[in-house]
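Take a look at the letters that make up each chain.
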Amino acid sequence: GVYRTRARERVWRAEAARSVSPKSSLEGAAALAEVNERSGRGESTFRTLAADGGQLVLMGGFDLDHAHDVEVTFHDVAASGCPDWLQWPQMHDAGAVGARRRFVIEDDNGRYEVVARAVSVEVGRVYHGDLGRPLAPGERSWARPEGSA
């Protein structure tokens, strides 16, 4: 029930705090390794946040109704077969395609490819609503800009 879900989230938050600082940016192989590790330990739902301007941005986390903890950005995208929702994704760089890279994403439902110049990952809690309190360092909110009261 609710108690077990909240207890599991507290354990996950403690593990996440030990593994990566509250807000960090990663690129390349380190970025994909971080996403795969987080997906494997419960931040398992990913959704397309934006797919325009040559970028594909995926957000991932434990409970996407309230917040997300990971943003994966594919830069200068030439082709994408990525669906809107991914469950337990694992991502890897499958090599060069001209001046770009072919990234493979596998989840419970299939295998997808994204051809892009690069990939980066932003790690840090992004709340999807107003918390009713000032944001802590490293926190972001769609309802309030970073650093606002």
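In this report, we go over the structure that sits alongside the text. (Residues numbered from 1 in each chain as written. Predicted model: local features only at pLDDT ≥ 70, side-chain atom pairs only at ≥ 80, totals over all residues. Heavy atoms only, no water.)

## A closer look at the overall build of the protein
Let me state the cut-off plainly: In DSSP terms, a helix is any run of H or I states spanning at least four residues, a strand is any run of E spanning at least two, and both are numbered starting from the N terminus. Contacts are residue-level and defined by heavy atoms, with any inter-residue pair within 4.5 Å sufficient. Per-residue and other accessible areas follow the Shrake-Rupley method at a 1.4 Å probe size, with only the shown protein chains counted as cover for residues.
Looking only at helices and strands, one finds two helices and eleven strands in the protein. Traced from its N-terminal end to its C-terminal end, the protein shows the element sequence α-β-α-β-β-β-β-β-β-β-β-β-β. Residue pairs at least 24 apart in sequence account for 50% of intrachain contacts in the protein once pairs closer than 6 positions are excluded. Put simply, the protein shows about 7,900 Å² of open surface, and 50% of that area lies on carbon and sulfur atoms.

## Observations concerning the environment of Phe 74
Formally: Accessibility here uses a 1.4 Å probe with only protein chains present; expressed as a share of the type maximum, an area under 20% marks a residue as buried, one over 50% as exposed, and anything in between as partly exposed.
Tracing the chain through its elements places Phe 74 in strand S4 (residues 67–75). Relative accessible area serves as the criterion here: at 0%, Phe 74 is assigned to the buried category. The sequence separation of Phe 74 and Val 114 amounts to 40 residues, and the corresponding C-alpha distance is 7.9 Å.

## Observations concerning the sheet that holds strand S7 (residues 90–97)
Strand pairs in the sheet, formed through backbone hydrogen bonds, run parallel or antiparallel to each other. As a reminder of what qualifies: A pair of strands is considered paired only if DSSP assigns at least 2 bridges between the two. All axes are obtained by fitting lines to C-alpha atoms, using only the stretch in contact for helices, and the reported angles, taken between N-to-C directions, cover 0 to 180 degrees.
Pairing within the open sheet is antiparallel, and its four strands lie in the order S5-S9-S8-S7. Because the sheet does not close on itself, it has two edges, and the strands there are strand S5 (79–80) and S7. Examined bridge by bridge, S7 and strand S8 (residues 100–107) share six bridges and lie antiparallel to one another. Note on S8: the bridge partner recorded for Ala 96 is Arg 101. In the packing of helix H2 (residues 28–40) onto the sheet, contacts are made with S7 and S8, and the angle to S7 comes to roughly 155°.

## A closer look at the side chain of Asp 107
The line we're drawing: Asp and Glu are treated as the negative residues and Lys and Arg as the positive ones, with His and the ends of the chain left uncounted. In what follows, salt bridge is the name for a side-chain nitrogen of Lys or Arg lying within 4 Å of a carboxyl oxygen of Asp or Glu. The term polar contact refers here to a pair of N or O atoms within 3.5 Å; inside protein, the definition further demands a hydrogen-donor-capable atom paired with an acceptor-capable atom, and it admits residues adjacent in sequence only when both atoms are side-chain atoms.
Here Asp 107 is to be found in strand S8. Summary of buried charges: Asp 107 has no salt-bridge partner, and the nearest side chain of opposite charge, Arg 111, is 11 Å away. Among the polar contacts made by the side chain of Asp 107, one reaches the main-chain amide nitrogen of Asn 109 at a distance of 2.8 Å. A distance of 3.4 Å separates polar atoms of two side chains, one belonging to Asp 107 and the other to Tyr 112. Apart from the residues lying within four places of it in its own chain, the contact partners of Asp 107 are Trp 85, Leu 86, Gln 87, Trp 88, Pro 89 and Tyr 112.

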